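As a plain string of letters, each chain reads:
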Amino acid sequence: MKKSSFQTDVLPLKDKLFRLALRITLNPAEAEDVVQDTMLRVWNRREQWEQLDSIEAFCFTICRNLSLDKVRRMSRQEQTLDESYVPADHSYTSNPEEQAVQRDRVKLVRQLVNRLPEKQRTVMQLRDIEGKSYRDIAEIMGITEEQVKVNIFRARQTIKKEFKQQEEYGL
């Protein structure tokens, strides 16, 4: 176990933590709050860092748990989640019509991902966006590697099936 530093080991994770929190909360403002709370909790537990195998997994676990807590609180207050947030994508097609079609497809995929159960959304975010290994995801989420693989498979199958239906039959 190596000596960890907040500036070199924790701060660089803020963008990845934000993406995970956003994928779970579906709300940019709430995701920012979650990341800030995560950073505070990680800092307040700095005495434990040397006992950890992975400071990154520790950070992701805290972020995921705080995000889930935030969603539960929001649903108890019967607030609706903000689904209007769609970051700008960078399309490389030259035709404006093709760019519009591509943007619509990306938006559709994001909507489909956002409809997935929380566990499937989270494993997809960690695996496909953050590039985490199955082992790391299992550690972060507190499940087995086999469960990670099953959740990723089911999520991808659901998105593929629903995307195909939407593309063939329209909204």
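Up top you'll find the structure we're talking about.
So, a few notes on the structure that sits alongside this text. (Residues numbered from 1 in each chain as written. Predicted model: local features only at pLDDT ≥ 70, side-chain atom pairs only at ≥ 80, totals over all residues. Heavy atoms only, no water.)

Attention now moves to unusual backbone geometry. Residue L26 is not a glycine yet carries a positive backbone phi of 65 degrees. Structurally, L26 is set in the loop between helix 2 (14–25) and helix 3 (28–44). (Helix = DSSP H or I, 4+ residues; strand = E, 2+ residues; numbered from the N terminus.)

Let's shift gears to the side chain of N151. The residue N151 is located in helix 8 (residues 145–169) in this model. You can call N151 buried: its relative accessible area is 11%. The contact partners of N151, leaving out residues within four places of it in the chain, are K119, Q120, V123 and I143. (Buried < 20%, exposed > 50% of the residue type's maximum accessible area, 1.4 Å probe, protein only. Contact = heavy atoms within 4.5 Å.)

In this structure the tally under the stated criterion is eight salt bridges. Its salt-bridge partner being D69, residue R72 comes within 3.1 Å of it at the nearest N-O pair. Of the two residues, R72 and D69 are both situated in helix 4 (residues 55–76); the distance of three residues between them amounts to about one turn of the helix. Residue R72 is classed as partly exposed on the basis of its relative accessible area of 44%. The class of D69 is partly exposed, set by a relative accessible area of 32%. (Salt bridge = Lys/Arg side-chain N within 4 Å of Asp/Glu carboxyl O.)

Moving on, we get to the packing of helix 6 (residues 118–129) against helix 8. Here helix 6 crosses helix 8 at 100 degrees, and the two axes come no closer than 9 Å. In terms of axis orientation, helix 6 runs roughly perpendicular to helix 8. Along the contact surface, helix 6 presents K119, Q120, V123, M124, R127 and D128, while helix 8 presents V148, N151, I152, R154, A155, R156 and I159. Each residue belonging to the contact of helix 6 with helix 8 can be placed in one class, and the counts come to six nonpolar, two polar and five charged. (Axes fitted to C-alpha atoms, helices over the stretch in contact; angles between N-to-C directions. Parallel < 35°, antiparallel > 145°, perpendicular 65-115°, else oblique. Nonpolar A, V, L, I, M, F, W, Y, C, P; charged D, E, K, R; others polar.)

Attention now goes to the packing of aromatic side chains. Inspection of the entire model under this criterion finds three aromatic pairs. Arranged with centres 6.3 Å apart and planes meeting at 10 degrees, the rings of F6 and W49 form a pair that is stacked. Separated by 43 residues along the polypeptide, F6 in helix 1 (residues 6–10) and W49 in the loop between helix 3 and helix 4 bring together distant segments of the chain. A residue is classified by how much of its surface remains accessible, and W49, at 6% relative accessible area, is buried. We note R127 situated over the ring of Y134; from NZ or CZ to the ring centre the distance is 4.1 Å. (Phe/Tyr/Trp six-rings, centres within 6.5 Å; stacked < 30°, edge-to-face > 60°. Lys NZ or Arg CZ within 6 Å of the ring centre and 35° of its normal.)

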